[in-house]
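# What the coordinates show
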Amino acid sequence: MKSKLLIASLLVGAIIIGGCSAGNSESNNNSNMDHSTMSGMDHSNMSDEEMKNMEGMDNKDSSMENGHASHNNPLALNNSTGENELALPPIIEPKNGIVDITAQQGTTEIFKGTKTETYGYNGSFLGPIIRIYKDQTVTFRTKNDLSEPTTFHWHGLEIPGNGDGGPHQVLEPGVTEDVNFTVNQGASTLWFHPHPEGATAEQVYKGLAGLIYIDDENSQKINLPNEYGVNDFPLVFQDRQFTEEKQLNYQAVLNEDGTIGDTLLINGTLNPKLTVGKEKIRLRLLNGSNARNYTFKLNNGTTFQQIATDGGFLNQPTDMKEITLTPGERAEVIVDFSKMDDKTDIALINEEGITLLPFKIEQKAASTSNIAQKLNDFGVTEEEKTLPVTKKLELFGMGTMVSINGSQFDMNRIDFTQKQGDTEIWEIYNKPDMMGGMTHPFHIHGTQFKIVSIDGKEPPLNLKGWKDTVSVEAGQTVKLAVKFNNKGIYMFHCHVLEHEENGMMGQVEVK
């Protein structure tokens, strides 16, 4: 009995600190289902008696009412004082078709007067924006100048599997490798980060992340704000926890259920502010955190317009009061500052009212031209709506016991197969655990998919666009129309980076 109580206590302790949980549904023996080797639907490693013990403890302790406290009740972020102007990453474009990208280590003055040891791409912290164009043939020349192995994963990019940068494509220190591909997708805001098995979370935490902008003819014709650093801004949101010496010690704060910090950095800037003109401003939002979810809204309650999801434009600008992004998700929004008083404090805040990014509005000549009302021609087809489910994935677990369909990641196992160019319906179910469960951001490499339904209903307007990462709440079932345009082996996983590393990941081989 003592051993069972000890196990329960350890699990509860992990949950109090911890992150996100997941799902299961009734097993379907339909012969059309491709379950491959992802078998075994007993998602828990605990006995019934141990489960009951934990449930009993949960009922007795009101502090555990929601479970997974670091997501339901996350460590509060600092309010931005607005003392530092937001840093903007440099934009690089291919030269003779080549983009040089080096992962390196160095020091960065995040806090004035203190040098923090960090990782970065082409610099000491974070990375540049890589701007490429649809139909362009590109070579990413990747180099590892770290003292440890890494990979270069192009999150959201439709690219052959041998260049995707998953855990199979490891670069040892000092090694350079070329990744060649042709850009075959439309305008979008993507990103890149490492994906080595067992080290992804720490390398991202130390600073390895950058953005990719894809442009096309359509994006240049629909009259969007597109002057970089004037009315078009990237915003990379990451929470971190620093030591007393203002260093990043990932191992000291590691939480197996999702590492969350109390200090917000935007584009690597502490206590940022953004100076804008009285005009329409385009904000490209990326949740680049290991585990924290963000709900973004304006402190004056003003409506903004969402114009894009992860992988491209919505069909038309969609009015929003707030938007929530889980790790890995992106959105583009338009905020009309021409209608705001430059003497009033305006800020981007979260659901708790924490000031994330104060805005300073300047009275300067600005464009107030109207944005096109037709941005894209996206839709789920009638055929896609009626296709049978051919892949079921059930996410479940906490901490080191996370799984998909009862199995943990094995690099030597192919979990699903799919034919290049075929559209299949993937059904993702997030099974609540005895603590209630938490949201899983579910990501598929090498493709942009369509959300067909959420719990049997059409997705809201702001999710009717190309996606590569989808928020799946506890108890929720999401159906996706998934097509791969390239061949290779691709990962699918929870984008809470600690859950991914603990085994909530699988592989699909596209033939």
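Described in the following lines is the structure provided in the data block.

About the cut-offs
Residues numbered from 1 in each chain as written. Predicted model: local features only at pLDDT ≥ 70, side-chain atom pairs only at ≥ 80, totals over all residues. Heavy atoms only, no water. Helix = DSSP H or I, 4+ residues; strand = E, 2+ residues; numbered from the N terminus. Buried < 20%, exposed > 50% of the residue type's maximum accessible area, 1.4 Å probe, protein only. Contact = heavy atoms within 4.5 Å. Areas by Shrake-Rupley, 256 points an atom, 1.4 Å probe, with all protein chains shown as cover. Pairing = 2+ DSSP bridges. 1 Å grid on protein atoms, 1.4 Å probe; cavity = no way out; pocket = protein on both sides within 12 Å on 5 of 7 lines; lining within 4 Å. Points joined across faces, edges and corners; volume = space filled by probe spheres on them. Axes fitted to C-alpha atoms, helices over the stretch in contact; angles between N-to-C directions. Phe/Tyr/Trp six-rings, centres within 6.5 Å; stacked < 30°, edge-to-face > 60°. Lys NZ or Arg CZ within 6 Å of the ring centre and 35° of its normal. Salt bridge = Lys/Arg side-chain N within 4 Å of Asp/Glu carboxyl O.

On to the overall build of the protein. Counting its secondary structure elements, the protein contains seven helices and 32 strands. Split into buried and exposed, the 511 residues of the protein put 58% on the buried side. Expressed as a percentage of contacts within the protein between residues at least 6 apart in sequence, the contacts between residues at least 24 apart total 79%. As displayed, the protein has an accessible area near 20,000 Å², and 45% of this comes from carbon and sulfur atoms.

Time to look at the pairing of strand β12 (residues 263-266). By the alternation rule, side chains of β12 split into Thr263 and Leu265 and Leu264 and Ile266, which are all buried. Taken together, the four bridges between strand β11 (residues 232-240) and β12 define a ladder with antiparallel strand orientation. Looking at the pairing, Arg240 lines up with Thr263 of β12. Where β12 and strand β13 (residues 269-270) come together, two bridges link them in antiparallel fashion. Residue pairing for β13: Leu265 is matched across the bridge by Leu270. Linkage of β12 to β13, two consecutive antiparallel strands, is achieved through a turn of two residues, within which Asn267 is found at a positive phi near 55°.

Per the stated rule, a full pass over the model turns up three cavities of 30 Å³ or more. Within this model, the largest cavity holds a volume of roughly 70 Å³.

This brings us to the sheet that holds strand β4 (residues 116-121). Spatially, β4-β3-β6-β8 is the arrangement adopted by the four strands of the open sheet, whose pairing is mixed. Of all strands in the sheet, those bounded by a partner on one side alone are β4 and β8 (176-182). The sheet shows a mean angle of 20° between the axes of neighbouring strands, taken without regard to direction. Pairing geometry for strand β6 (residues 137-144) and β8, over seven bridges, is antiparallel. Residue Arg141 lies in a different strand from β8, and its bridge partner there is Asp178.

The way to describe two aromatic rings as a pair is by their centre distance and the angle between their planes. Following the criterion strictly, the structure yields 19 aromatic pairs and no others. Judged by centre distance (6.5 Å) and plane angle (50°), the ring pair of Trp426 and Phe484 falls under tilted. Placement of the pair is Trp426 in strand β26 (residues 423-430) and Phe484 in the loop between β30 (477-483) and β31 (488-494), with a sequence separation of 58 residues. Comparing Trp426 with Phe484 shows no difference in burial state: the two are buried. Ring plane angle 45° and centroid distance 6.3 Å describe the contact between Phe442 and Phe492, whose orientation is recorded as tilted. Separated by 50 residues along the polypeptide, Phe442 in strand β27 (residues 440-444) and Phe492 in strand β31 bring together distant segments of the chain. Each member of the pair, Phe442 as well as Phe492, is classed as buried. Above the plane of the ring of Tyr205 lies Arg240, whose end atom (NZ or CZ) is 4.5 Å from the centre.

Moving on, we come to the environment of Ile451. The topology assignment puts Ile451 in strand β28 (residues 450-454). Given a relative accessible area of 2%, Ile451 falls into the buried group. Expressed as a C-alpha distance, the spacing of Ile451 and Trp426, which sit 25 residues apart in the sequence, is 9.8 Å. Once you skip the residues sitting within four places of it in the chain, Ile451 turns out to touch Val380, Pro459, Leu463, Lys467, Val470, Val478, Lys479 and Leu480.

For the coordinates displayed, the defined rule picks out 24 salt bridges. Arg330 is paired through a salt bridge with Asp468; the nearest N and O atoms lie 2.7 Å apart. Of this pair, Arg330 sits in strand β20 (residues 330-336) while Asp468 sits in the loop between β28 and β29 (469-472), and the two are 138 residues apart along the sequence. Classification of Asp468 by relative accessible area gives buried; the value is 0%.

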